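Coordinate inspection notes
Chain by chain, the residues:
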Amino acid sequence: MEVLYHFFHRNLEELLKCIFRSLLVMFWCFEMTRFEILMPVCFSSFAISVEGLSKIIINTGQDIFIEGCDEDNPYVAKVTRLYGDGESYSHKLGFVQWFIRVSELPVNKLKLLGREPHPQEIFYYECRNCDNEVNVESILRPVKVKHLDSNDPFPDSADKDTLYVKLSWDSKVFRVVNSTVVESPAEPAPASSPPSCLKPSLPMSPSCSQSAATPRGPSRRTPANVEAESLHSATKLSASKCLSAKRRNATARTPGVRKRLELSSECLHKDFKMQPLCRTREQQGYIYISNTKSYHHFLTVSLIFLQISPGTPQTPRHATPSIPIRSLQTQQPANILEEARARLHVSSVPESLPCREQEFQDIYSFVESKIVDNTGGCMYISGVPGTGKTATVHEVIRCLQHAADMDEIPSFHFIEINGMKMTDPHQAYVQILQKLTGQKATPDHAAVLLEKRFSNLAPRKETIVLLVDELDLLWTRKQNVMYNLFEWPARRHARLVVLTIANTMDLPERIMINRVASRLGLTRMSFQPYSFKQLQEIIMSRLNKLKAFEEDALQLVSRKVAALSGDARRCLDICRRATEICEHSAADPSSTGLVGMSHVMEALNEMFSSAYITAIRCASTQEQLFLRAVITEFRRLGLEEATFQQVFVQHQALCRIEGLKPIGVSEGLAVCQRLGACRLLLLEPSHLGVLQRIRLNVSQDDIFYALKAD
Amino acid sequence: VKLTIGFTQVQQILRERFCERRLPDRLEGVEAQYKHLLELLRRTAIHGESNSVLIVGPRGAGKTTLLQCVLRDLQKEEKVQKNLLQVHLNGLLQTDDRIALKEITRQLHLENVVGDKVFGSFAENLAFLLEALKKGNRSSSCPVLFVLDEFDLFAHHKNQTLLYNLFDVSQSAQAPIAVVGVTCRLDVLELLEKRVKSRFSHRQIHLLSSLNFTQYLERVWTQLSLPDSFPDKKFAQEWNAGVKTLCEDKSVEEVLQRHFNSSKDFRSLHMLLMLCLSRVSVAKPTIKPADLLEASRMCFADTTANMLHGLSILELCLVIAMKHLNDVYEGEPFNLQMVHNEFKKFLHRKSNSMYNFEQPVVMKAFEHLQQLELIRPVDGSSAKVQREYQLMRLTLDHSQIMEALQKYPQCPTDIKQWAMSAFG
């Protein structure tokens, strides 16, 4: 079946090429309204024509479709002014007032609408920061836009090419819109409309939609009839569609992949309810069918699909990810220590981030300037774990979001991905696309769509701020994921700000090839580990005047952590553990005192001391003897490695010295394996028996120290 | 008849104990660890506080028993009972993140599970699970307990994706989770990548028993004695008295001391007591010191030396020749030809031709030794070499050979002498 589909599509493509081999001609109607001495020159209308087909005339004030990323849902706008630029006005431009479709709205903003959006619904777009100049060549065809009062129901008309406006959208709220703003003043009335030959400016002419509504009709006709019909419908296909298809042919970058993906989506959509999308596709199908004999195959295939789709296994397609709700309420913290513990948990979000003011300011101004200027850029942030990199960026975004809500800066869209939270570097594309548009796609397809989105002129896009955490995991052999992430912001129309986070300072030099490192640029920032004063301040600000710790205790924790790693997470964890120890050590649970030095010391010991020494002390006599035998043998050989057989001889001797009964080889091996399992010894695989080699995993001094203290 | 019923019950109760089928009512010697873990998990269940902890201890130290006891006691509490979802993973079963994710999703009964089947690809499963956890919050979602048995094996998964994500959830304001890792490796933290390590709370519960011999003896006594709830009171009294006399016996104490010296873990002790228990019957109603001695002998038996008892005289001779070669060349590898020559030297000194074997027969015997893994080829010796010249090493210790010769049934004296002589 798949082969058949490939065949079908290849032929379709050839046919389309054949039709559009005739050149596209676009010319201006010589109907200048105004002639200015200086460029540009304005026009009141223009016409698009495809050679051999009818032409379309676009007037100012008319609603139009403009080519966008998604061919099935082109952008909608109203022409406000048309003008030519450059030599003999060859550069033709137009000013438009945009409308925004439901699918173009940010997914998270849809809930502001408060109701289910109608599929034909569009919104009047009021946003200052969007580019409303378009290239005339990107105009597809006119469209009908109707204004409805906000309380009116949507008419359920069969005409899928009429769009309805009720509200306006200014990237923050929906507002009711006045009808005079929307309705085009020069709505082409029948009287003033262009000659009848230009009528099919609306693509769904009655005869066309009729033939589409009875898709199986042509099968009863003779092949000759079918051909005539197909030619007929080909002319009926509005020129705009041809235009769009032609452009599609020209711009498709990886046709093989695209075709297949389209095919699969088509299969999914082939439902009983015929969407307009399906209809047009089937018309295209007829064009092809008239030329070959396999129309019946196509028909059977489509019928099979129609049959299969209801009967497919019940895969949970719309599963919502969620964890069950708890049955009992969470208990609120009852005393000071519990309250302190809740505040000291790493997960509790503080009101502000102390000690990172400078870094915060740098990132804030970087992102803000890019948003205000409508440009893009990259920034690389490095620092050891637990120094507040991700937290600072989140804080910056929160503040910017607040500023955007206050209308101080243009609004933007924030997306976050994490290299550790994906199974494969290429999943980055899928996640970005999913968070951007809510679409699901395979990595290759997502890359194509994103590439298109970031390289095409799409005027109504908000700036996108993309946070890439754990960047080093997006490394691939060709580094194409990293390359794209840093390449897109540099595109003229991308408006993408990329903030990347990783642990190592010299990551760009170490793992990136030159062309990737160069695109990342030199905007770098490194987060230093916290000093003890900063750590102390962090704890203090989290506790927020809650008196749970002694001053000295806090200082001890922060000094200790600052000396070791400067990891704020570690610091908070130790404090949390100390409150627990304090709570348990108190005799009366209701009257616990402050967390003191002793509690903190105990917590520090628990977390930092290595267990090797205790483990050696708690080992059985034979295990301790074996460790001594290993050291003796190492000294004898002058090497740090020996076979079990050699050590075992020493062990037997030591047993005799200690007055113990010598043990057998099997028992000796068992002792050795036990020490190997807790990694006091490093062993070769056990199947080697007495020939396996042994190394120590602890220093000899530690062993002596542990055994001497007995 | 009454006696028979009594014995069946004794066998049942004690076997359950020794096979670790039934959790002990009360843990001994690990009260602090028990309290720490119980409090930690209770806070997760009741307060919705996310936590992560590692339980570290040598094999057989009671790590899983501790965890199971804590969970059993937690489930008894009304507040916890319905408020804790559990996910149990084992590093030996979930050998990579793909399988582990499917298993987590299945055990949590998320919505992409139908029956027992998890739908979606690896990437989708990960995204789905993370989304689910992210949507939750501290106050309203049900806490999830993740138990990762053989924790160190999870650290070997690619990029440590699963560990990173679990620890990350436990350190961020998402659904409350508790991650409990169980491992016997003391150096487990060194296996974690630094960003994974930073997200781990560094709580470790060490189960290192500082048990002394008196406590060990007491433990043996409690393990063997019957509980007060035993139906036949008289029988229980007699049995317990028998156990008491057993524990006071000098030879028994010696045996137990030897076991204690060798290993302190309870699993090996249970093994020993199980062997004793299986020798008890209606005709022999108590455990005698001799039973314990016999059981101990079985526990300490040298398995490879026992295998030597089943060898033919020729094979034994070859082993002795190898031992001499090892003495002469200080453990250098040997081949069949060398062994055969050594053997021939011995034969040469003897006038009678009792052990005169053809080369193919010797070859066959040599191959049999290799099959028994008493000798093994040296690493890296290529297969191109003829079998007679392939280099081999002996995987037996000299003491094992001598011990086996002493016990070998009807071993010829001259062979014994040859084995004991210093050089060939």
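In this text, all values refer to a predicted model and were calculated from it rather than measured experimentally. (Residues numbered from 1 in each chain as written. Chains lettered and ligands numbered in written order. Predicted model: local features only at pLDDT ≥ 70, side-chain atom pairs only at ≥ 80, totals over all residues. Heavy atoms only, no water.)

**Here's the deal with the overall build of chain B**
Across its full length, chain B holds 21 helices and nine strands. In terms of overall dimensions, chain B is more spread out than a globule: its C-alpha atoms have a radius of gyration of 29 Å, far above the 22 Å expected for 424 residues. Expressed as a percentage of the 424 residues in chain B, the buried residues total 52%. Put simply, 74% of the contacts in chain B that link residues at least 6 apart link residues at least 24 apart. (Helix = DSSP H or I, 4+ residues; strand = E, 2+ residues; numbered from the N terminus. Rg over C-alpha atoms; globule rule 2.2 N^0.38 Å. Buried < 20%, exposed > 50% of the residue type's maximum accessible area, 1.4 Å probe, protein only. Contact = heavy atoms within 4.5 Å.)

**A closer look at the sheet that holds strand β21 (residues 693-696) of chain A**
Residues and elements named next belong to chain A. With respect to topology, three strands assemble into an open sheet ordered β19-β21-β20, the strand pairing being antiparallel. Each having just a single partner strand, β19 (642-643) and β20 (681-683) make up the two edges of the open sheet. Examined bridge by bridge, β20 and β21 share three bridges and lie antiparallel to one another. If you follow L683 over to β21, its bridge partner there is I694. (Pairing = 2+ DSSP bridges.)

**Focus: the domain arrangement of chain A**
Domain boundaries assigned for chain A yield domain 1 (41-181), domain 2 (392-525) and domain 3 (612-707). Relative to domain 3 of chain A, the C-alpha centre of domain 2 of chain A lies at a distance of 54 Å. (Domains from an automatic or database assignment.)

**Comments concerning the sheet that holds strand β17 (residues 496-502) of chain A**
Two orientations exist for strands paired in a sheet by backbone hydrogen bonds: parallel and antiparallel. Residue and element names in this part refer to chain A. With respect to topology, five strands assemble into an open sheet ordered β15-β16-β17-β14-β18, the strand pairing being parallel. Looking along the sheet, the strands with just one partner apiece sit at the ends: β15 (412-418) and β18 (524-527). This sheet shows a mean twist of 15° between the axes of neighbouring strands, independent of strand direction. Of the strand pairs in this sheet, strand β14 (residues 377-383) and β17 are connected by six bridges, and their pairing is parallel. Its bridge partner lying in β17, S382 is registered against A502. Lying on the sheet, helix α11 (residues 389-405) is in contact with β14, β15, β16 (463-469), β17 and β18; it crosses β15 at an angle near 165°. (Axes fitted to C-alpha atoms, helices over the stretch in contact; angles between N-to-C directions.)

**Side note on the UniProt feature "domain: AAA+ ATPase" (unreviewed entry) in chain B**
Mapped onto the present numbering, the UniProt feature "domain: AAA+ ATPase" (unreviewed entry) falls on residues 49-210 of chain B. Annotated as 42% helix and 20% strand, the span residues 49-210 of chain B places its first and last C-alpha atoms 32 Å apart. (UniProt positions renumbered as here; feature names shortened; annotations may be inferred.)

**Some details on the packing of helix α13 (residues 250-262) of chain B against helix α15 (residues 289-300) of chain B**
Residue and element names in this part refer to chain B. Their axes nearest at 9 Å, the elements α13 and α15 cross at an angle of 25°. Relative to α15, α13 is oriented roughly parallel. Along this stretch, α13 crosses α15, giving a crossing that reads as left-handed. Counted together, S251, V252, V255, L256, R258, H259 and S262 of α13 and P289, L292, L293, S296, C299 and F300 of α15 form the full contact between these two elements. In terms of residue class, the contact of α13 with α15 is made up of eight nonpolar, four polar and one charged. (Parallel < 35°, antiparallel > 145°, perpendicular 65-115°, else oblique. Left-handed = near helix turned anticlockwise from the far one by under 90°. Nonpolar A, V, L, I, M, F, W, Y, C, P; charged D, E, K, R; others polar.)

**Focus on the domain arrangement of chain B**
Each assigned domain of chain B is listed here: domain 1 (30-206), domain 2 (211-300) and domain 3 (305-423). Each of domain 1 of chain B and domain 2 of chain B was reduced to a C-alpha centroid, and the two centroids are 38 Å apart.

**Describing the interface of chain B and chain A**
Opposite the 92 residues of chain B that make contact, chain A presents 76 residues. Between chain B and chain A, a total of about 7000 Å² is buried, with carbon and sulfur atoms accounting for 53% of that surface. Per-residue buried area on chain B facing chain A is highest for L186(B), R195(B) and N261(B); these three make up 9% of the total on that side. Counting across the chain B and chain A interface gives eight salt bridges. Residue R576(A) pairs with E49(B) through a salt bridge whose shortest N-O separation is 2.9 Å. Among the elements that make up the side of chain B that touches chain A, the one with the highest residue count is helix α6 (residues 122-135) of chain B (nine residues). Per-class residue counts for the side of chain B that touches chain A are 32 nonpolar, 30 polar and 30 charged. (Buried area = accessible area lost by both parts, 1.4 Å probe. Salt bridge = Lys/Arg side-chain N within 4 Å of Asp/Glu carboxyl O.)

**Some thoughts on helix α12 (residues 233-248) of chain B**
Residue and element names in this part refer to chain B. Taking 1.5 Å of rise per residue, 16 residues should cover 22 Å, and α12 covers 23 Å from first to last C-alpha, within 8% of that figure. Taken together, the buried positions of α12 are occupied by F235, A236, W239, G242, V243, L246 and C247. When α12 is viewed along its axis, its buried side chains cluster within an angular range of 135° and face the same direction. Of the exposed residues in α12, those oriented more than 90 degrees away from the buried face are K233, K234, Q237, T245 and E248. If you follow the buried residues of α12, they end up packed against α1 (2-18), α11 (213-224), α13, α14 (266-277) and α15. (Expected span 1.5 Å × (residues − 1). Arc of directions from axis to C-beta.)

**Remarks on helix α14 (residues 480-487) of chain A**
Within α14(A), six of the eight residues are buried, leaving the element largely enclosed by the surrounding structure. Within α14(A), burial applies to V481(A), M482(A), N484(A), L485(A), F486(A) and E487(A).

**Quick notes on the side chain of T579(A)**
Locating T579(A) in the fold gives a position in helix α19 (residues 568-585). When neighbours within four sequence positions are excluded, T579(A) is seen to be in contact with L337(A), R341(A), F549(A) and V595(A).

**Points about the pairing of strand β5 (residues 144-149) of chain B**
Residue and element names in this part refer to chain B. Most of β5 sits inside the fold, with five of its six residues counted as buried. Across six bridges, strand β2 (residues 85-90) lies against β5 in parallel orientation. Residue pairing across strands places N90 opposite D149, the latter belonging to β5. The pairing of β5 with strand β6 (residues 177-183) spans six bridges and is parallel. By the bridge assignment, F146 is partnered in β6 with V179.

**Section: unusual backbone geometry**
Residue and element names in this part refer to chain B. Phi angles above zero are rare outside glycine, and H109 is one such case at about 55°. Within the element layout of this structure, H109 appears in the loop between α5 (97-108) and β3 (113-114). Its identity is not glycine, yet H202 carries a phi of approximately 65°, on the positive side. In this structure, H202 sits in the loop between α10 (194-199) and β7 (204-206).

**Side note on the confidence of the model for chain B**
Chain-level statistics for chain B give a pLDDT mean of 89 and a share of 98% at 70 or above. Under the prediction, the complex receives an ipTM of 0.92, its pTM being 0.76. (pLDDT = per-residue confidence, 0-100.)

**Focus on the packing of helix α9 (residues 336-344) of chain A against α19(A)**
Residue and element names in this part refer to chain A. Remark: α9 packs on α19, axes separated minimally by 9 Å, with the N-to-C direction vectors making an angle of 165°. On the basis of their axis angle, the class for α9 and α19 is roughly antiparallel. In terms of crossing hand, the pair formed by α9 and α19 is left-handed. On the side of α9, the interface is formed by L337, E338, R341 and L344, while α19 contributes L572, C575, R576, T579, E580, C582 and E583. The class makeup of the residues in the contact of α9 with α19 is five nonpolar, one polar and five charged.

**So, the pairing of β17(A)**
Residues and elements named next belong to chain A. Of all seven residues in β17, seven are buried; the element is thus mostly enclosed. In β17, alternate side chains face the same way, and those of L496, V498, T500 and A502 on one face and V497, L499 and I501 on the other are all buried. Sheet analysis places β16 next to β17, joined by five bridges and oriented parallel. The residue bridging V465 from the neighbouring strand is V497, located in β17. Note on the crossover from β16 through α14 to β17: the handedness is right-handed. (Right-handed = clockwise from strand over helix to strand, strands pointing away.)

**Some remarks on the packing of aromatic side chains**
What the rule picks out here adds up to 14 aromatic pairs over all chains. Centroid distance F644(A) to F648(A): 5.4 Å. Interplanar angle 25°. Geometry classified as stacked. Pair noted here: F644(A) and F648(A) are both in helix α23 (residues 644-658), with a separation of four residues, about one helical turn. Note on F648(A): relative accessible area 2%, which makes it buried. Arranged with centres 6.3 Å apart and planes meeting at 45°, the rings of F151(B) and F167(B) form a pair that is tilted. With F151(B) in helix α7 (residues 151-154) and F167(B) in helix α8 (residues 161-170), this pair connects stretches of sequence that are 16 residues apart. For the residue pair F151(B) and F167(B), the accessibility class agrees, reading buried in each case. An aromatic cluster of three or more residues is present, and its members are Y429(A), F454(A) and W488(A). One cation-aromatic arrangement involves K117(B) over F119(B); the distance from NZ or CZ to the ring centre is 5.6 Å. R258(B) extends its terminal NZ or CZ atom over the ring of F300(B), reaching a point 4.2 Å from the ring centre. (Phe/Tyr/Trp six-rings, centres within 6.5 Å; stacked < 30°, edge-to-face > 60°. Lys NZ or Arg CZ within 6 Å of the ring centre and 35° of its normal.)

**Notes on the nonpolar core**
Counting 78 residues, the largest nonpolar core has F626(A), F644(A), L681(A) and L163(B) as its most contacted members. Beyond its immediate sequence surroundings of up to four residues, F644(A) is in contact with F626(A), V665(A), G668(A), L669(A), C672(A), G689(A), V690(A), Q692(A) and I694(A). Counting 36 residues, the second-largest nonpolar core is a separate cluster that includes F334(B), M363(B), A404(B) and L405(B). (Core = buried A, V, L, I, M, F, W, Y, C linked by side-chain atoms within 4.5 Å.)

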